[in-house]
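Report on the structure
Read off the chains here:
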Amino acid sequence: MKKALYLVPVVGALALGFGLGHFNRHPAVANAAHRVLYYVDPMHPAYHSDKPGKAPDCGMDLVPVYADTVGKSMVASTDSITIDSSTQKIYGIQLAAVENAAGTRNLRVFGKVAADETRIFKLTVGADGYVKSTDKDAVGNHVKKDQKLAVIYSPDFLPVEGGFLSANERTPGGAKETTATAQNAASAQARADRLRNLGMSDMQIDEMISSRTDGFVLTRSISPGLRFEREKELYTIADLSHVWILAQVFGKDAEKFHPGTVAKVTLPDTGETFSATVSDVLPEVDSATRALKVRLVANNPGFKLRPDRFVNVDLPVSIPSGLSVPADAIVDSGLAKQVFVETSPGQFEKREVEIGWRFDDRVQIVKGLRAGEMVVSSGTFLVDSESRLQAASGSAASAPAEESALAHHMN
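What comes next is a walk through the structure. Counting restarts for each chain: residues are numbered from 1 in the order of the written sequence. With the structure being a predicted model, the display of local features is reserved for residues of pLDDT at least 70 and the display and counting of side-chain atom pairs for 80 or more, all residues being used for whole-chain, interface and lining totals. As a convention, hydrogens and water are excluded, and side-chain values are obtained from all of the structure's heavy atoms.

Moving on, we come to the pattern of salt bridges. Salt bridges are counted wherever a side-chain nitrogen of Lys or Arg sits within 4 Å of a carboxyl oxygen of Asp or Glu. Taken as a whole and assessed by the stated rule, the structure comprises 14 salt bridges. Close ionic contact of Asp-269 with Arg-309 constitutes a salt bridge, the shortest N to O distance being 2.9 Å. Highlighted residues: Asp-269 in the loop between strand E16 (262-266) and strand E17 (273-285) and Arg-309 in the loop between strand E18 (292-299) and strand E19 (310-326), separated in sequence by 40 residues. For every residue, the accessible area (1.4 Å probe, protein chains only) is compared with the maximum for its type, and the residue is labelled buried under 20%, exposed over 50%, or partly exposed between those bounds. By relative accessible area, Asp-269 is classed as exposed at 56%. Between Asp-280 and Arg-295 there is a salt bridge whose closest N-O contact spans 3.0 Å. Taken together, the residues Asp-280 in strand E17 and Arg-295 in strand E18 connect sequence positions 15 residues apart. With a relative accessible area of 33%, Asp-280 lands in the partly exposed category. One connected set of salt bridges, linked through shared partners, spans Glu-349, Arg-351, Arg-370 and Glu-373. Strands are runs of DSSP state E lasting at least two residues, helices are runs of H or I lasting at least four, and both sets are numbered from the N terminus onward.

Now the structure itself:
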């Protein structure tokens, strides 16, 4: 009888303990499953920490990894990741097909307007003298053909120049030669020789007859009352009706700029376009950027292409047939180029690829993909980060969760 009485409290205590343990088992398991496993660097998921803080490389807050969130909406292995459709919509993950494309695409480079050096004229004098007056000759002014810029005096130079011009005006080009015209021609030649003796070049003599032109004053080193010496440069005037475009081109892109190729030049601020023709690929390499310079020539109606102004240069380039994907689909780790390929609905595989040309927003795929396959084209960075995070945390997450459940069962 006493034994029976002793057994009743023992059995009751065991029953009560079993009931309490069975009642509290599920909340304990839930709490254990939702606990923080560790913290990771969002930019480099391989970095783990057992407590919150800042990432040592980028200063971002460490992200907690929970036992019950690992493997729910995104499940990853080393080379694949599963993303359900609702998660794709939430994070803006979009897909694009691998296309087999060929045709013409635009190669865009940056350029700068420069004055055509063959249309820059330096006005110098071949004798000593002084400046009597100047008129509307400020730097930047647009000067017209035959416009008077300055009045200068030289006791040696001006009489000879005047006689030369007078003799040339009395010698009609192409007229039947007479004794008078022959004498005028001889007089003009004699005065030309005197101009050469005073230091004037043949080009300057020719300009006196036929090369007077419109242009812009680039430099000016003259003022009223200034005394000048022989060979003094008074003005630099540029004809800007025809200008150069100096474009910077890198690497193999320079091979696509052949003399005679027509390109489109665009002013970034106004959107106005001009036609330009490639004239030369210059041999020099920019010491700072290591870029080659391509020279294009363009007509300049309205003088809207001003020296030192930046422009966009678009060159149509024919590309060979080949597979291509959006540029945002490529994940460049520095060591390899990779894409995420959809192998089945919601299932993605990380695949290494080899790339070729790049034009606009497309990249050629030389190896690694087939036409028609779907790749992640938007949200690629998120998928790649999640893939790295899940791959790094998957093995570590399962062990602590199992140990927690086992420990609770034993308790």
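With that settled, consider unusual backbone geometry. Even without being a glycine, Lys-136 presents a positive backbone phi close to 50°. As for its placement among the helices and strands, Lys-136 is situated in the loop between strand E9 (129-134) and strand E10 (142-143). The exposure class assigned to Lys-136 is exposed, which follows from its relative accessible area of 61%. At Asp-308, a position not held by glycine, the phi torsion is positive, near 75°. Mapped onto the elements of the fold, Asp-308 is located in the loop between E18 and E19.

In this section: the sheet that holds E10. A sheet is described by the order of its strands in space; here four strands give the open sequence E8-E14-E12-E10, paired in antiparallel fashion. A strand with exactly one partner marks an edge of an open sheet, and here the two such strands are strand E8 (120-124) and E10. Taken together, the four bridges between strand E12 (residues 215-220) and strand E14 (residues 233-238) define a ladder with antiparallel strand orientation. Residue pairing in the sheet places Val-217 in a bridge with Ile-237 of E14. For two strands to count as paired, DSSP must find a minimum of two bridges between them.

The next thing to look at is the packing of aromatic side chains. Stacked, edge-to-face and tilted labels apply to pairs of Phe, Tyr and Trp rings (six-membered ring for Trp) whose centres lie within 6.5 Å, assigned for plane angles under 30 degrees, over 60, and everything in between, in that order. Across all of its chains, the model carries one aromatic pair by this definition. Placement of a positive charge over a ring is assigned whenever Lys NZ or Arg CZ falls within 6 Å of the ring centre and within 35 degrees of the normal to the ring plane. Here the guanidinium or amino end of Arg-295 rests over the ring plane of Trp-244, the centre of that ring lying 4.4 Å away.

Here Pro-301 shows up in the loop between E18 and E19. Classification of Pro-301 by relative accessible area gives exposed; the value is 54%. In this structure the C-alpha to C-alpha distance between Pro-301 and Leu-240, which are 61 residues apart in sequence, comes to 9.1 Å.

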